[in-house]
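# Summary of the model geometry
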Amino acid sequence: MYRLVYMSTPKRPLSGEELNRILVAATKNNNRNGITGILIQDHKRFLQYLEGDEARVEETFARISLDARHHAIFRLKSGAIVRRQFPGWSMASKTVDQTASLTIAVSELVKDCDDEVAEELLAFAAARDRAT
């Protein structure tokens, strides 16, 4: 099992309808490719965690990296994991207000994750919170 975590910045604010279309497409593609994960966005940044077969996850990340709706795409972490952290979610999603704590939003989503994964995702969220 393989995971990849990245952050990116939308080039412009995305409407709720646009975000919904992204989630519908991601869910369809992820179901087809055996990928699970989460997507959190705060209108300034996306934080996404993808897990599954390494080749499929890397293909998905390559496709995401070419998406013109965002830029400043940074791979935060990738590598092998022991088990799926989000087995029931082809793409769980959470949108938070720009002034809301991303750490709180992430803590709700990682409560069933392995400690190491939860700590990493919370650390990324906390870094974002400090930067805003």
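Rules used throughout
Residues numbered from 1 in each chain as written. Predicted model: local features only at pLDDT ≥ 70, side-chain atom pairs only at ≥ 80, totals over all residues. Heavy atoms only, no water. Helix = DSSP H or I, 4+ residues; strand = E, 2+ residues; numbered from the N terminus. Rg over C-alpha atoms; globule rule 2.2 N^0.38 Å. Buried < 20%, exposed > 50% of the residue type's maximum accessible area, 1.4 Å probe, protein only. Contact = heavy atoms within 4.5 Å. Areas by Shrake-Rupley, 256 points an atom, 1.4 Å probe, with all protein chains shown as cover. Lys, Arg positive; Asp, Glu negative; His and termini not counted. Charge placed at Lys NZ, Arg CZ, Asp CG, Glu CD. Patch = residues over 30% accessible without salt bridge, like charges linked within 9 Å, V, L, I, M, F, W, Y side chains within 5 Å. Salt bridge = Lys/Arg side-chain N within 4 Å of Asp/Glu carboxyl O.

### Details of the overall build of the chain
- Secondary structure summary: the chain contains four helices and five strands in total.
- Ordered by position in the sequence, the α and β elements of the chain form the string β-α-β-β-α-β-β-α-α.
- For 132 residues, the compact-globule estimate of 2.2 N^0.38 gives 14 Å, and the chain sits close to it at 14 Å.
- Considered along the principal axes of its C-alpha atoms, the chain spans approximately 35 × 30 × 25 Å.
- The buried share of the chain, reckoned over its 132 residues, is 44%.
- Of all intrachain contacts in the chain linking residues separated by at least 6 positions in sequence, the fraction that spans at least 24 positions is 78%.
- Summing over all exposed atoms, the chain offers an accessible surface of approximately 7000 Å²; the carbon and sulfur share of this is 53%.
- Distance from the positive charge centre (19 side chains) to the negative charge centre (18 side chains) of the chain: 6 Å.

### Topic: a positive patch on the surface
- Together, K28, R32, R56 and R63 line one region of the surface with positive charge.
- Residue assignment for the positive patch shows that the elements contributing at least two residues are α1 (16-33) and α2 (54-65).
- Turning to its location among the elements, R56 is positioned in helix α2.

Scope: geometric values only; no functional claims are made or implied.
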